[in-house]
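Chains, contacts and geometry: an overview
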Amino acid sequence: MFLATGCLTVAAWGTLAWRSHVATASLPWMLASVAVAWVALGWAMRHAPPPQSSTILGFALGFRLIALFAVPVMEDDHHRFLWDGFRFAATGNPYAEPPRARFADETIPGEFRAVLDRINHPDVPTVYGPVTEWAFRLSYAIAPARLWPWKLILFGAELAILAMLWPELSARGRLLLAWCPLAVFETGFNAHPDSLAIALLVAVWRLGRGSRPPAAGVAAGLAVAPKIFAAP
């Protein structure tokens, strides 16, 4: 029955990924898919026997691979991520100007013109911190104006979180961590950068427990850098 629960969740995320490429991928589809994922997780947590860790992890990776091929659902923040990576690479300073300053710039490549036209609040400079900006820059270096490199970076951050917390958790704790629909949807589907900060915070905890205070201090400093300007 546990396998059936995992397969049901795969079907829910797969349906949402498919609908994300259709213009009618609206609120009802998103709510239905996320609801199924939460119900399936709740059933597995309460009724299914604790499965082997490899089964939990296998399904968790499957959910995120599905999300890798999805278009963000009811979100447009990712256009800012792609734009920041481009401006960082082009000028070395993604904070210098708001996107609106480039509306009349005819030298902007066509692929980034489409990105620029979809940025929300184009009159506001970026709010993301230096750690996130460097990650945007890395994504640009891999494939300009493409979202999949950025999603892979976030995928790596999530894997780091799982690796650091896995030994400390019971089977049900691992299940909750690995299958959490909020993480799959917001990070996997919508490519929000929160997992970068979370991975660094978990690293602070792990390094502190390992009696490595200098390294923990560095991780703590980096952990506040992904989106420090959004704090006010």
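Residues numbered from 1 in each chain as written. Predicted model: local features only at pLDDT ≥ 70, side-chain atom pairs only at ≥ 80, totals over all residues. Heavy atoms only, no water.

All right, on to the nonpolar core then. Core analysis: the biggest nonpolar cluster contains 29 residues, and Trp83, Phe112, Trp150 and Leu196 have the highest contact counts within it. When residues of this core are traced back to their parent elements, those giving at least two are helix H4 (77-91), helix H5 (110-116), helix H6 (130-142), helix H7 (148-165), helix H10 (194-209) and helix H11 (213-223). At seven residues, H7 tops the list of elements feeding residues into this core. Excluding residues within four positions of it along the chain, Leu196 makes contact with Thr132, Ala135, Trp150, Ile153, Leu154 and Ala157. (Core = buried A, V, L, I, M, F, W, Y, C linked by side-chain atoms within 4.5 Å. Buried < 20%, exposed > 50% of the residue type's maximum accessible area, 1.4 Å probe, protein only. Helix = DSSP H or I, 4+ residues; strand = E, 2+ residues; numbered from the N terminus. Contact = heavy atoms within 4.5 Å.)

A contiguous nonpolar surface patch, about 370 Å² in accessible area, is contributed by Leu138, Ile142, Trp148 and Leu152. Of all the elements in the fold, those that place two or more residues in the nonpolar patch are H6 and H7. Relative to the helices and strands, Leu152 is located in helix H7. Among the residues examined, Leu152 registers a relative accessible area of 39% and is labelled partly exposed. (Patch = residues over 30% accessible without salt bridge, like charges linked within 9 Å, V, L, I, M, F, W, Y side chains within 5 Å. Areas by Shrake-Rupley, 256 points an atom, 1.4 Å probe, with all protein chains shown as cover. Salt bridge = Lys/Arg side-chain N within 4 Å of Asp/Glu carboxyl O.)

In an α-helix, one full turn covers 3.6 residues, which means residues spaced three or four apart are oriented alike. Turning to helix H9 (residues 181-189), its buried residues number three or more, namely Pro181, Val184, Phe185, Thr187, Gly188 and Phe189. Contact partners of the buried residues in H9: helix H1 (2-19), helix H2 (27-47), helix H3 (53-68), H7, helix H8 (171-179) and H10. Once H9 finishes, Ala191 follows within two positions and takes phi at roughly 60°, a positive value.

Treat this as a map of the structure, not an account of what it does.
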